[in-house]
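# Coordinate analysis (summary)
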Amino acid sequence: WYQRRVHGKQWYQRRVHGKQWYQRRVHGKQWYQRRVHGERVFNMGCGMLWVVPKDQAEKALGLLGHGCARVGHIKPRGEKADGSPGEAVECVGEYKFSSYSRPGRKLRIACMGSTRGTSLQPLIDAIAAGSLNAEIACVVSNKADAYILTRAEKAGLVAEHIPQTHSDGTKRTREEWEAAANAVFEREKGPVDLVIMCGFMRIVTKGFVDKWRGRMINVHPSLLPAFAGGMDKSVHKAVMEKGVTVTGMTIHQVTEDVDGGEVILQRRCRVLPDDTEEALKARVQALEGQGFVDVVREWRY
């Protein structure tokens, strides 16, 4: 079967090497040169792409549904410094055209959280299953009773509560708390490559942002910039009160602007007519957890 059908003249030579298909359709002018070299077909290696007017982008994303994302925008080509043509498409987030080889060592992650850390569990599970070349170096929280610490301990991870007050009862400044967090990060063996905020209910200082700029991400339970600035269930409540039919989550870079950093990944879900805040939160959190896994899998370090 194999030789007759694949290597034999009955199929392989006639259909692949012969003029009946391969040369005419691929190398011939009938398709390849007219369609590819004529700039009518793009093979970008990232699945199906829609190119739409900017003001219709959100509508297109809504039509495509779960799993789609904004990957970039078309811009005037211009010229590079050496006079050669510039890029006509500018990508965002983890979407890149260039090739990239990951280091031999594992990506090291530090996590900061103030709540249950539900969205962290898929990341823990994926690492435990061996499907991610990563490790969680430590999990820190400003809340002693935050379940994210218990979650980390159950997974055998370093879990540390950093109080918001000193031993004498005086309140730590934000800078002092962040310095203590950095000390935990640096205490563990090896460098921390990525800081993940998972339900961290504090606004960090510019100094902390500068130290981890480009290496610190947060998840927000809405499709930013919509419903920016809120936290946890207050965001879902605002979504339902507004009457929107599609919501989701955004993983973004952390900058000085609250919820204003570069969007890395967005995932969408429907808002159902009979939704409660808890039901909608659970649906969005499922997107957040898988989103963290996907972002970590493609993270450059």
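Just above sits the structure.
Residues numbered from 1 in each chain as written. Predicted model: local features only at pLDDT ≥ 70, side-chain atom pairs only at ≥ 80, totals over all residues. Heavy atoms only, no water.

This brings us to a nonpolar patch on the surface. On the surface, a nonpolar cluster with roughly 520 Å² of combined accessible area is contributed by Met 48, Trp 50, Val 52, Leu 63 and Leu 64. Inspection of the secondary structure puts Val 52 in the loop between α4 (29–37) and α5 (57–64). Its relative accessible area of 34% is what places Val 52 among the partly exposed residues. (Patch = residues over 30% accessible without salt bridge, like charges linked within 9 Å, V, L, I, M, F, W, Y side chains within 5 Å. Areas by Shrake-Rupley, 256 points an atom, 1.4 Å probe, with all protein chains shown as cover. Salt bridge = Lys/Arg side-chain N within 4 Å of Asp/Glu carboxyl O. Helix = DSSP H or I, 4+ residues; strand = E, 2+ residues; numbered from the N terminus. Buried < 20%, exposed > 50% of the residue type's maximum accessible area, 1.4 Å probe, protein only.)

Time to look at the packing of helix α10 (residues 233–242) against helix α11 (residues 277–298). At a minimum axis distance of 9 Å, the contact between α10 and α11 shows a crossing angle of 110°. On the basis of their axis angle, the class for α10 and α11 is roughly perpendicular. Mapping the contact onto sequence places Lys 233, His 236, Lys 237, Val 239 and Met 240 in α10 and Glu 277, Glu 278, Leu 280, Lys 281 and Val 284 in α11. Taken together, the residues of the contact of α10 with α11 sort by class into four nonpolar, one polar and five charged. (Axes fitted to C-alpha atoms, helices over the stretch in contact; angles between N-to-C directions. Parallel < 35°, antiparallel > 145°, perpendicular 65-115°, else oblique. Contact = heavy atoms within 4.5 Å. Nonpolar A, V, L, I, M, F, W, Y, C, P; charged D, E, K, R; others polar.)

The space that makes up the second largest pocket amounts to roughly 620 Å³. For the lining of the second largest pocket, the secondary-structure elements that each account for two or more residues are β7 (216–220) and α11. Grouping the constituent residues of the lining of the second largest pocket by class yields 11 nonpolar, 13 polar and eight charged. (1 Å grid on protein atoms, 1.4 Å probe; cavity = no way out; pocket = protein on both sides within 12 Å on 5 of 7 lines; lining within 4 Å. Points joined across faces, edges and corners; volume = space filled by probe spheres on them.)

Under the criterion given, the structure shown has one cavity of 30 Å³ or more. Considered as a void within the structure, the largest cavity measures approximately 30 Å³ in volume. If you trace the largest cavity, you find it lined by Arg 174, Trp 177, Glu 178, Phe 200, Arg 202, Ile 203 and Val 204. When the residues that make up the lining of the largest cavity are grouped by side-chain class, the tally is four nonpolar, no polar and three charged.

This part is about the sheet that holds strand β9 (residues 263–270). A sheet is described by the order of its strands in space; here seven strands give the open sequence β5-β4-β3-β6-β7-β8-β9, paired in mixed fashion. Strand pairing shows two members of the sheet lacking a second neighbour, β5 (159–161) and β9, which therefore form its edges. On average, each strand axis in the sheet is inclined to that of its neighbour by 20°, with strand direction left out of account. Sheet topology note: the β7/strand β8 (residues 246–253) ladder contains four bridges and is antiparallel. Along β8, the bridge assignment pairs His 220 with Thr 250. (Pairing = 2+ DSSP bridges.)

Tallied over the full model, the rule gives two aromatic pairs. Between the aromatic rings of Trp 177 and Phe 200, the centroid separation amounts to 5.4 Å while the plane-to-plane angle is 35°, which identifies the pairing as tilted. Remark: Phe 200 occurs in the loop between β6 (194–197) and α9 (206–212) and Trp 177 occurs in helix α8 (residues 174–187); sequence separation between them is 23 residues. For the pair Trp 177 and Phe 200, one class covers both residues: buried. Geometrically, the ring pair formed by Phe 185 and Trp 212 is edge-to-face, given 5.8 Å between the ring centres and 75° between the ring planes. Remark: Trp 212 occurs in helix α9 and Phe 185 occurs in helix α8; sequence separation between them is 27 residues. Like Trp 212, Phe 185 is buried. (Phe/Tyr/Trp six-rings, centres within 6.5 Å; stacked < 30°, edge-to-face > 60°.)

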